[in-house]
Amino acid sequence: MSLKGKAAVVTGGNSGIGMAIVLELARQGASVVIDYVAHPEATEELERQVHALGDQVIGVKADVSQVAELQNLFAAAVKAFGRVDIVVNNAGIETRTSILNTTEAQFEKVMAVNLKSAFFGTQLAAQQMIKQGGGGRIINITSVHEDWPMPGNTAYCLSKGGMRMLTRTAGVELAPHNILVVGVGPGAVATPINLTTMQDPLLLKKLDSAIPLGRMAKPEEIASLVAFLASDGASYITATTIFADGGIMQSSPGL
Ligand SMILES: NC(=O)c1ccc[n+]([C@@H]2O[C@H](COP(=O)([O-])OP(=O)(O)OC[C@H]3O[C@@H](n4cnc5c(N)ncnc54)[C@H](O)[C@@H]3O)[C@@H](O)[C@H]2O)c1
């Protein structure tokens, strides 16, 4: 599964699932652009780890909810590596607010960070891939909640549902260019986004017991799927989502 000679962009790449993706793509030989908005020190540490694997890497500070910053991110990637072969739209946030009290600002922020960024990230990726020729891979980190209601997290579910349709529609539209667009839908993964649950033994036990595999995923278990989807082995997968959820969608009515 070599990604040697490929250049990848990972949004929200300096923590959690994004960080694991950066490391796995680098392990497979890709050059990587780490997008981040906060914690430059975490990005620098990750850059050191990628260098130690023998790969090229740059960190770029860009708020992906702003199209102008996304444009800067892609320009920096092309400047550094001359091309973009793999884009992982990973950045995401939650508000965990009920539909009854979500504010306009909360709604707009979740939609901009999760969905608008993936839409324009896909657009900019596809424009560059068409320009350079040879196709490419766009991988959208969605969630089981692209399909599965989560009461108390409606704006998040809506954004992930939008990413589901973005993946399907862009996958069909870009197929003639051999640009494959695939969603990766994780279940519960042990990352900072789930800190509240992970720090509450009762909540964690409830969650673990609802998952057929009996535990949350490690970020590396999502990253290995992303690396496969970026590889030659996944050359016939597009316009769909692959779930990595420990079986939870088939067994639980919701949490
Ligand atoms: N952890 C889970 O259980 C889980 C499950 C399903 C889907 N996901 C999805 O996986 C993705 C990664 O989440 P995670 O679990 O690693 O949590 P995380 O909080 O560690 O990662 C989210 C990343 O997005 C970045 N980010 C936030 N706003 C940004 C912005 N405006 N511009 C650029 N980057 C921004 C954050 O800085 C962070 O690095 C998210 O899209 C999330 O919805 C996570």
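For the structure, see preceding data.
This section reports on the structure supplied with the text.

Criteria and cut-off values
- Residues numbered from 1 in each chain as written.
- Predicted model: local features only at pLDDT ≥ 70, side-chain atom pairs only at ≥ 80, totals over all residues.
- Heavy atoms only, no water.
- 1 Å grid on protein atoms, 1.4 Å probe; cavity = no way out; pocket = protein on both sides within 12 Å on 5 of 7 lines; lining within 4 Å.
- Points joined across faces, edges and corners; volume = space filled by probe spheres on them.
- Helix = DSSP H or I, 4+ residues; strand = E, 2+ residues; numbered from the N terminus.
- Nonpolar A, V, L, I, M, F, W, Y, C, P; charged D, E, K, R; others polar.
- Near = heavy atom within 4 Å.
- Polar contact = N/O pair within 3.5 Å; in protein donor to acceptor, adjacent residues only side chain to side chain.
- Areas by Shrake-Rupley, 256 points an atom, 1.4 Å probe, with all protein chains shown as cover.
- Sits in = over half its atoms within 2 Å of the grid points.

Quick notes on the layout of surface pockets
Okay, so step 1: Of the volumes computed, that of the largest pocket is approximately 1200 Å³.
Okay, so step 2: Forming the boundary of the largest pocket are 49 residues, of which Glu94, Tyr156, Thr191, Ile193 and Asn194 lie nearest the centre.
Okay, so step 3: Listed by contribution, the elements that provide at least two residues to the lining of the largest pocket are helix 1 (16-27), strand 2 (31-36), helix 4 (104-132), helix 5 (154-174) and helix 7 (201-210).
Okay, so step 4: When its residues are assigned to classes, the lining of the largest pocket shows 26 nonpolar, 16 polar and seven charged.

Comments concerning the site of the ligand
Okay, so step 1: Close to the ligand lie 28 residues, the nearest being Asp63, Asn90, Tyr156, Thr191 and Asn194.
Okay, so step 2: In the environment of the ligand, an oxygen atom lies 3.4 Å from a nitrogen or oxygen atom belonging to the backbone of Gly92.
Okay, so step 3: In this structure, Thr191 approaches the ligand through a side-chain N or O atom, which is 2.5 Å from an oxygen atom.
Okay, so step 4: In isolation the ligand has 810 Å² of accessible area, and contact with the protein removes 90% of it.
Okay, so step 5: Judged by the fraction of its atoms near the pocket grid, the ligand is located in the largest pocket.

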